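A look at the structure
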Amino acid sequence: MSHGALHHVELWVPDLARACDSFGWLLGELGYAVHQDWSGGRSWRLGATYLVVEQSPALTADRHDRCRPGLNHLAFHVEDAAAVDKLTVDAALHGWQLMFPEQHPHAGGEEHYAAYLENDDGFEVELVAMTTHGGSR
């Protein structure tokens, strides 16, 4: 394994079923497969990296706030602009809403083709097809 490569990300969610619906659909579309499944959580793996959603009894809030200190969003590479467009349309059926619709698909800049989506629990993902700079919203 590469020194410093991301091993996993764990998100604490207020509603496990809702998180499994939204993240499970998206991660499946991106090529992830279910890795672990237990009563309080689930994980999906792609290569050596996996993402966990867990409904912990230690939660102190019922919604994620991406504008507070901590995680703002997760960004995923997507095959091409057509895949971003298809995922953006399909996402609405799986608990995701398009953010910055008036700027879509260039909310990250003219040379950045991406969709910014937020689920019902306030988690944001960015689906990036191509970029010529490191910009992110």
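The preceding data block contains the structure.
Below you will find a few notes about this structure. The shown structure was predicted, so the numbers you read here are calculated from the model rather than taken from an experiment.

What follows concerns the nonpolar core. In terms of nonpolar packing, the biggest core is built from 31 residues, with Leu11, Phe23, Val53, Phe76, Val125 and Leu127 touching the most fellow members. Of all the secondary-structure elements, those providing two or more residues to this core are strand 1 (8-12), helix 1 (16-29), strand 4 (49-54), strand 5 (74-77), helix 2 (81-91), strand 7 (112-119) and strand 8 (124-131). With seven residues, the single largest contributor to this core is helix 1. In this structure, Val125 is in contact with Phe23, Leu26, His73, Leu74, Phe76, Trp96, Ala115, Tyr116 and Leu117, ignoring residues within four places of it in sequence.

Moving on, we come to the sheet that holds strand 3 (residues 41-46). One key point about sheets: their strands pair by backbone hydrogen bonds, in either a parallel or an antiparallel sense. Read across the open sheet, the four strands follow the order 1-4-3-2; overall the sheet is mixed. Each edge of the open sheet is held by one strand with a lone partner, namely strand 1 and strand 2 (33-38). Taken pair by pair, the neighbouring strands of this sheet meet at an average axis angle of 15°, ignoring direction. Judged from the six bridges that link them, strand 3 and strand 4 form a sheet pairing that is antiparallel.

Quick look at helix 1 now. Between its first and last C-alpha atoms helix 1 spans 19 Å; for 14 residues at 1.5 Å apiece the expected length is 20 Å, and the two agree. Among the residues of helix 1, Leu16, Ala19, Cys20, Ser22, Phe23, Gly24, Trp25, Leu26 and Leu27 are the ones counted as buried. Following helix 1 by one or two positions, Gly31 adopts a phi angle in the positive range, close to 100°.

Take the packing of aromatic side chains next. For the structure on display, the rule yields four aromatic pairs. Aromatic side chains Tyr32 and Phe76 sit 6.1 Å apart centroid to centroid with 90° between the ring planes, which places their arrangement in the edge-to-face category. Of this pair, Tyr32 sits in the loop between helix 1 and strand 2 while Phe76 is found in strand 5, placing the two residues 44 residues apart along the sequence. For Tyr32, a relative accessible area of 15% gives the class buried. Seen from their ring centres, Phe100 and Tyr116 are 5.7 Å apart, and the 80° between their planes marks the pair as edge-to-face. Pair noted here: Phe100 is in the loop between strand 6 (96-98) and strand 7 and Tyr116 is in strand 7, with a separation of 16 residues, a long-range link.

Conventions adopted
Residues numbered from 1 in each chain as written. Predicted model: local features only at pLDDT ≥ 70, side-chain atom pairs only at ≥ 80, totals over all residues. Heavy atoms only, no water. Core = buried A, V, L, I, M, F, W, Y, C linked by side-chain atoms within 4.5 Å. Buried < 20%, exposed > 50% of the residue type's maximum accessible area, 1.4 Å probe, protein only. Helix = DSSP H or I, 4+ residues; strand = E, 2+ residues; numbered from the N terminus. Contact = heavy atoms within 4.5 Å. Pairing = 2+ DSSP bridges. Axes fitted to C-alpha atoms, helices over the stretch in contact; angles between N-to-C directions. Expected span 1.5 Å × (residues − 1). Phe/Tyr/Trp six-rings, centres within 6.5 Å; stacked < 30°, edge-to-face > 60°.

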